[in-house]
Structures are given as C-alpha cells and as structure tokens.
Amino acid sequence: MGKNPELLPGTLDMLILKAVSLKPLHGYGILLRIQQISGEALSVPQGSLYPALYRLEHQGLIAAEWGESENKRKAKFYTLTATGRRRLKAETAEWNKLASAIGAALGATPDEV
Amino acid sequence: MWSRLRSLAGMLFRRDRFESEMRDEVRFHIEARAEDLARTGLSPANAMRQARMEFGTEDAIKDDCRQSRGVRWLDEISNDLRYALRLMAKTPGFTAAAILSLALGIGANTAIFSLMDAVLLRTVPVESPRDLYFIGHGKGVRPGYNSNYPLFAQYRSIDGVFSGITAYSPTAFKVSSNAGLENATGLWVNGSFHDVLGVPMALGRGFSGESDQPTPNPTAVISDAFWSRRFGRAPDVLDRTLIIDGRAVPIVGVTAPEFTGMVPGTNPDITLPIAVRAIAEPDYLTMHDTWTDLTIVARLKPGVSVARALAPVDLALQQYMAADENSWIKKNNPDAFAVATLDPAARGSGRLRSQYETALKVLMGMVAMVLLIASVNVANLLLVRSAARAREVAIRLCVGGARSRLVRQFLTESLLLALCGGVLGTFIAIWGTAGIMRIFNSVETPLLLEVSPNTRIFAFTMAVSLLTGIAFGLLPALRSTRIDLTPALKDAPVALSGRRWSMSHLLVGTQVALSIVVLVVAALLVRSLLNLRTLDAGFEGGNLLLVTVDTAGTAVAPDARLPIYLALLDRLRAAPGVRSVSGSKSTPIHTSGDGRALVMPPEVPDTFEARGAFANPITPEYFDTLGIRLLRGRLLTDRDTATSPRVAVVNQTMAKYIGGDHDPIGMTFAFRGEPKDLIEIVGVVQDTHQMNLREAPPRTVYTPLAQADSIPSYFQVEIRTAQDPAAMITSVRQMIRSVSGDLVMRYVRTMDQQINASLVRERLLATLSAAFALLALVLSAIGLYGVMSYTVTRRSREIGIRMALGAARGQVLGQVMSQTFAIAIAGTVVGIVTAWMTAKTLSTFVFGLSERDPATLAGVAVALLAISMIAGLFPARRAATLDPVRAIKAE
C-alpha cells in the first residue's frame, strides 16, 4: 500500500457505500475497490475499515451475508440496502455541491472580487 | 432505528456468534492480503507477518467494531458486574453486613412511604379525581365540610361552573341475616353520586340521576368487599334483596374493588340513596338548623378555574345564610360560615390525613436518618476496603486505565450492593407494614388502608436504592482513585490518608449525631406514651368490660328502649364473676356525651361558649362500677326516678366553672329548649378523661337515665368483673341475645383495649420510633467499632514502635479511647444541638414533658457516649495487647 493522501474525515463511509453499490464485496475487496476506483489515489487505513463497516451495518445502510470468495473461501459480503442507496445518493449530491463550491471559491481570480 | 435495535438484540442474544464471525472475517482479511503479498514474491511467512502488521492491533480494532455496534458499554457493565460479584463473593461477611444494613434502612423507608402513600398520596380511584372539589365553609379556620340538604340544594342550582355536584354522608346500617341482625358500614348518597364521581363498577350500575325525594322503590349499591363477605361473590347478586334497617332493598350494583368510598381508611359496605333516608326522616330534606356530616363534592367543568367557580358558590352560601331560618348561625358562629371554600377532593375527605400527616412526616424523617446512618456504615466499609485495593488501583492507573472507568467500576459495586439491599428491603417493608397495620387494626373501627406495594412504592424504593448506592459509593470511589501512586506501588503501608483524622472519622461522627437525633425523638415519644398510660384518668381501668348495644333501625320503639336496657343490666348483674354493672350514654376514653346548651344559674355569665356542657345520662351504679370517687354531696340513687325532683351530679371541672369558689351543691340549671323543671346539683365527682387521655376533662353533668327526656339508641354498658374481663366476651354476647333479638351488640372491648384504641397514633409513633432508634444505635455502634478497628490496624506499626520505645499499655489504650471519645462527643454535641433546634416539630406529640426535656437530652447523650466507648473498647484493647515485635515486623 503506497503513501497516499489521507482521507478527508467523513468520506470513508461514503466511499464504502459507493464501493458496495457496484457489486457485493467482502471487506478486503472493499479496500481494493476503493483504491481501484480512485485510480490508486486513495487508500483506506485498514484499522478503520471494519469499525466503519460494523457501524454502517448497525445503521442499516449495508447488509452482510456470508458467501464464497473468488478463491473458494468463506467470506462476509456486504451489499447496499435501499436506505444505503438513498443515503449514498444524498451524500453524493451534497459532496458535489460542496466540492464545486470549494472549487469555485479557490478558483476565484482578483478580477472577480 | 429498527435495524439498530435488531443489531443490538443480535449482539445481546447471539453474542458468541458475533465474536466468532468477527474473528473469521478478520482472519479472512489478513489471509487474503497475505496471499496478494505472496504473489509479489514474499515468502508465505513474511507475507503473513506483513499482512498482520498492515492490519494493525487486532484487539483494538475488534474493540472499535464492538463499539460501532453500540455494545462496548454493555461489555463494560457486564465486566464491572462480574467483577463486583466476584468481590462480593470473596468477602461474604462484608457483603452480608452491607446488604443487611442497607436492607433495614431501605425497608424502613419503604414501609413508612407505603403508609404515607396510603394516607397522604393516594387519590380516590374515580374518573379524573383532580377535577373534584369539596364545597366547604369557614373563614380563618380549617374549612368545615359539614352541610345540610337545603344548602346542597342551593349549590346544585348554580349554573355554568360545575359539570356535576353530589353529596354523601357516612352512616351505619343493620342488615338482617339468618344469624339475626348484622352491622354494616354505610353511606347515604345523593341520587347522582356514582355518575358524578365516575365510580368504577364491578357489576350492574350505580346511582345516576335518581331523585332524592322519598321513593317507594329504593335500590342499593354494595361494595366489592361486602359482595365477597356476604354473598361469596355470587354472580346472581343483582337478583338479590337486602333487608336494610327493616326495609327490603334490591341490589342494583357492586362497586369495583379499588373503590372504597371518598373517606380514606373506610370502606362502606352498602350505599343507599338519600331518598331512603328521607322516608325514615321526613324533615331531612328541609332541615335547616342541623349541620350533619353531609359532605358536598362538585366536579369543575373543563377550563373553569377554582377562583371563577368560587364566586357563584360563595354567592349561594350568602343567599342561604340570609334566610331567616339560619340567622342564629350567623349570630352565634359567624366565622364558620362566613365564606365558601373549594378544596381539592382528589384524596378524599375525613380526618385521617390531618391526624397522621405530621406523625408520618416525623417517622419519614427518622427513617431517612436511619438510612443515612446505614449508608455511612457501608461507605466506611468501602473506604476501608478500597485502602486494601489501593495497589490494584495504582497499577491500573499506571498502565493507563482511565480514572472514570475505575470510578464507574467502584460505583457498579456500590449500586449492586444498594440494589440487593433494596430487594431485601422490599420484603422487610412488606413484613413491616403488616406489623404496623396490626397497630392500626387493634381498634373497634379498623382503618382500612391499602398498603400493598404499588408502582409508586416500587419506584420510590428503586429511587432510594439508587440514590443510596450513589451517595455511599461516590465518595470511596473518588477517594480511592485519587491516590499517590508511588508509595502505593512500593510495598510501603498503603494509607489513603496519613493523617491521624480521616474521612472515616468524620463520617462516624456524623453517624453519632444522627443517632442522637433519632434517639431523642424516640425517647420523647416513648416517654409521652408512658405518661399517657400512667395518667390518672379519673377511674379504675382494670377488669372493666365495655359493651355498646344499639337499637337504632330495629323494631324497638324509642319508648321501649329503657325497659330492654334495664333488663339487660339485670341479666348481666346475675352472671357469675360480675361485680357490678351500669349503663350510660357515654364511657370515658370514648365519647363525652351529648353536647348541650345550659341555662346557667344567674351567677354564671351567659355567653355562647359558656353555656356548653356534656350531659351523660347514667344508671346509678355508674360511678361505683367505674370507680369514680365522690368528692362532695351525694351520688345518684335508685330513688331518683322519672317522678322525683330532677337532680344532677357534676364533675370537678363543671363544679369549679359553675360555682367558682362557692359550693355548687344546691345550685340549679336547665337544659336549653327543654320546658321542664330546673335541675339541682346534688354531688360533685372526680374528673374523668372522656374523648381521649390527651384532652382535658370536659365540663360534664351526669343525670339519671330515668329522668332523661329521650333514651339514646346507642347504649353503653360497663361491667366490672372479678377476673379477666376478656374471658367474658362470649358469654356477654349470648346474654345480650337472650334478652332481645333486637338488641344489636356493636362493640365489646375491655377498658384496656379502649385506651389502646385511643392511643393508636401515639403507639404507632412510640413503637416505630423506638425500633428505628434501636436500629440507628446498633448501626452507629457497628460503624464506630469498624472504623476504630481499622484505625488500629492501620497504625499498628506505629503503635508497635511506641510500645517498643516504652509506652505503657495503658497509654496506648488511653490514646485509642480518647480518639473514640473525641468522635463521640463531637457527634453528640452536634446531635443534641440539632435535636434542640428541631424539637418544635414534636410539640403536638409530646405529653407530660417538654419537647426539649433536659433529662431526656442528657440521658440520650450519656447513653450514646457510653455505647460509643464500649464500641471503642474492643479495638483499644486490641491495640494495647499488640505484640510490638510482631507489629513492627509485619510490614
């Protein structure tokens, strides 16, 4: 795992939801998927992944089920629930709004002031 | 929300599965990562190690996961609980002592609270009781609720503020049964009583909107208790008819078991409409000048304030009082009817509350102090034990244990102790209240109080237990986690405080002070009871049997009463073991007689108050049977008949009042409103206490029963026996029945029982306060003993050194004893001062001594000091007999 920029606080939940929205994944798979979809730019500290997963499951945003992994081993797979899907949509919209606002603010030139 | 509950429930009930799944999941993660790493060329062993390192501290992460599920606190609590239970099991003596003293303290509180709940807090179980108000009257005095029917009718015509208004008065009925006439408690009520109050019914219907006018078709409602007692809860009770006071009345309803009327402490068997009373007493509905115990209760309309309702009510009272028939009240007793009042009726009427309110508060204060003493004991024990655990605490703090976590653990332990005490205390309270109720029920009209535990009582016990647990646990918890780590970790003697005086000593001093207060109160109350008991009541109380017979509502006509009564007296006089028999309207320590207004001799100023005296018509043997001494003149005799000149004997108080310094013999008076000859005073007898032992003897005139203008329907019979009067009760009952089937025996009791009955409140206070004082004393002595023992243990090394340096055993003994004495004397002084300052609370209860009686205060102080010294003697002797060598080597 490379030295990637730290995750912004509060974004881990969103990334997990996004990762499992594409396809049911086990914990290690989620870690790899986040790296992959962020173009290897983001890496999740392994210590905070599982507490986050348990919290999201506790909140009913994701559901867990035991299944078989690629190499035929027993693994716990997480899927997005309907509530989770709504939450992801809302958080994505929120994030985009915030990101574009910050982007606009940071892109301001002296002329615009 | 639902998913959280489900996941929490999963955690609670399938905990093992959660843990094993979490283990599996983490293992899978690490192995999968290791496989990936191995693919980059690492050896399998190195790959595994690398994967583990990347993952981080497995246990910490698992703990975070648990916390994510919101169950870490649960784990911690269950750990704390397990730890506390282990500790408790390891020191069974300590645990038993702590739980027992807390249980006694909490139990006493719960028992007294149960009484308070029944007497002061419980609302009558009717619909919205808080909308109900009594309509009373009186200015600047406790409002009176006695009214009469015309006034009720006046109030009933008020528009707009009440959604309903009704009235009731307690009474007694005679019900015919196979075994003859039977007494039943009863209630006369207005025809919409059950409807206005919203009385819950078990069967049938209550009265709703019946007329109060005399009716040929009366109906009765009975109570659940009467339904059980008389009909064995027969389901067809509504088809039955009762013969009440000789009149057949069909039953139309049974009230629900929780409803026991509007007067706490009573439970009327039979409720009849006023319409029935109006048949027997035709002028009842129109009688203006008699104030009966008719109590009026009204339900406020929603949104109407008391102030708004009061205006039309007061107007109605003023209109009523303005009528000519009532002018005499206005003239003679203006304050009592000056203004109308509306008082909350949610807790019912009756004297029970005013009689017991202060007494119960005094007892509640005492049990609170007892609980405080018990708590202090446990706090001290915990402090001592926390000293023993100081090393463990220091280690845990050193390795980074959070102090809050440790405090929580200590608190868990104390709360657990308190809750165990609470549970045991609840049982003690149930047993205790049963005992208290025996005091209440030792009288002819027992108080029917509902003291069985209810949710309010359980909530109280729970709250008290929790508060106690926190109160006695917090201090040791805070102190024992704030220790100096260095000496604690070394094997040096661990002391929470190196000073000679510690928190424990202060706490024990407080215990002594609290005990003093409780002891003073108990001593005053017990001495008051003894003073009342040994009071010369003016008659001889031993071997005296009292019987009340009753002919009201029977076939016996008023003018046929006297021959039946006299026949009864003759029958009893002939019985073996009977020395003397008499009859009267009243007996001492029971009633005073008829309050009569007198036309006084011209020497006595004629004012309204001055006219009052109590008239007690008696048979001539009365004074002899009761042992009342003649002081002057002569007693009444058989020669004072209906046709002979009218005579009377007066008591000392009356003699002094009527004659002043002169001899009253030969003076004459008359009963007001009685167009008969004047009555001549022929003798003066000793004063006797009449209503109870506390009240001063009233002005009394004794007249011959033979000369009475009417013979009472209630008749008292006094029997002086040769042996134990209680042994005669059965035969007396048979003799009464043999004289006439219409003679109903209401009560039979010995004079001792009657005196006991008049002292219910005093006995309750004396018995309970004595028990609480004993408890306080024992607990404090144990506390003092425990703390001094610990002090000696803690200082045994120092004591050993001093002895090695030549201190005499006597000096060591003296030192420990002087410390004990210092604590005891400080506590005693504070306690005596507190008792002195709070003494006024007891002024209504003490009798025959001051509530600041110096002898009592001094006696209690000396007794407590003596007991403190005895408690301190054991540890002091242990200190004095220490082997210096071993004491020094021990550490």
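Computed from a predicted model, the values in this text were never measured in an experiment.

## With respect to the nonpolar core
All names here are of chain B. Ranked by internal contacts, the top residues of the largest apolar core, which has 157 residues, are Val370, Val518, Leu519, Phe772 and Ala776. With 21 residues, helix α13 (residues 352-388) is the single largest residue contributor to this core. With residues near it in sequence (within four places) discarded, valine 518 still touches Met366, Met369, Val370, Phe772, Ala773 and Ala776.

## A word on the pairing of strand β13 (residues 594-599) of chain B
All names here are of chain B. Across four bridges, β13 lies against strand β14 (residues 612-618) in antiparallel orientation. Pairing of glycine 595 across the sheet is with phenylalanine 614, part of β14. As judged from the two bridges shared by β13 and strand β17 (residues 668-671), these two strands associate in the antiparallel manner. Within β17, the position partnered with leucine 598 by the bridge is phenylalanine 671.

## Observations concerning the domain arrangement of chain B
Residue and element names in this part refer to chain B. For chain B, the assigned domains read domain 1 (2-70), domain 2 (76-122 + 353-496), domain 3 (129-346), domain 4 (513-532 + 755-891) and domain 5 (552-742). If you average the C-alpha positions of domain 2 and of domain 4, the two centres end up 22 Å apart. Taken together, the contact pairs 29 residues of domain 2 with 32 residues of domain 4. Elements that contribute at least two residues to the side of domain 2 that touches domain 4 include exactly α6 (92-121), α13 and α15 (403-440). If you tally residues by element for the side of domain 2 that touches domain 4, the top one is α13, at 18 residues. Partitioned by chemical class, the residues of the side of domain 2 that touches domain 4 number 22 nonpolar, six polar and one charged.

## Here we look at the environment of Ile274(B)
Residues and elements named next belong to chain B. Within the fold, isoleucine 274 resides in helix α10 (residues 274-280). Taking the C-alpha atoms as reference points, isoleucine 274 and valine 367, separated by 93 residues in sequence, lie 45 Å from one another. Once residues within four sequence positions are removed from consideration, isoleucine 274 is found in contact with Trp188, Val189, Asn190, Gly191 and Asp212.

## Observations concerning the interface of chain B and chain A
Accessible area lost on assembly of the parts is the figure often given for the size of an interface. At the interface, 19 residues of chain B touch 18 residues of chain A. Contributing elements (two or more residues each) for the side of chain B that touches chain A: α1 (2-13), α2 (15-39), α3 (44-55) and α4 (58-68) of chain B. A total of seven residues in the side of chain B that touches chain A trace back to one element, the largest contributor, which is α2(B). Classifying every residue of the side of chain B that touches chain A by side-chain character gives five nonpolar, six polar and eight charged.

## Some points on the packing of helix α1 (residues 11-22) of chain A against helix α2 (residues 27-37) of chain A
All names here are of chain A. At a minimum axis separation of 9 Å, α1 and α2 run at an interaxial angle of 100°. Our classification of the angle between α1 and α2 gives roughly perpendicular. Contact with α1, carried on its side by Leu15, Ile16, Ala19 and Val20, involves Ile30, Arg33 and Ile34 of α2 and no other residues of that element. Residues that form the contact of α1 with α2 fall into these classes: six nonpolar, no polar and one charged.

Conventions and cut-offs
Residues numbered from 1 in each chain as written. Chains lettered and ligands numbered in written order. Predicted model: local features only at pLDDT ≥ 70, side-chain atom pairs only at ≥ 80, totals over all residues. Core = buried A, V, L, I, M, F, W, Y, C linked by C-beta atoms within 7 Å. Buried ≥ 20, exposed ≤ 12 C-beta atoms within 10 Å, placed from the backbone. Helix = DSSP H or I, 4+ residues; strand = E, 2+ residues; numbered from the N terminus. Contact = placed C-beta atoms within 7 Å. Pairing = 2+ DSSP bridges. Domains from an automatic or database assignment. Nonpolar A, V, L, I, M, F, W, Y, C, P; charged D, E, K, R; others polar. Axes fitted to C-alpha atoms, helices over the stretch in contact; angles between N-to-C directions. Parallel < 35°, antiparallel > 145°, perpendicular 65-115°, else oblique.

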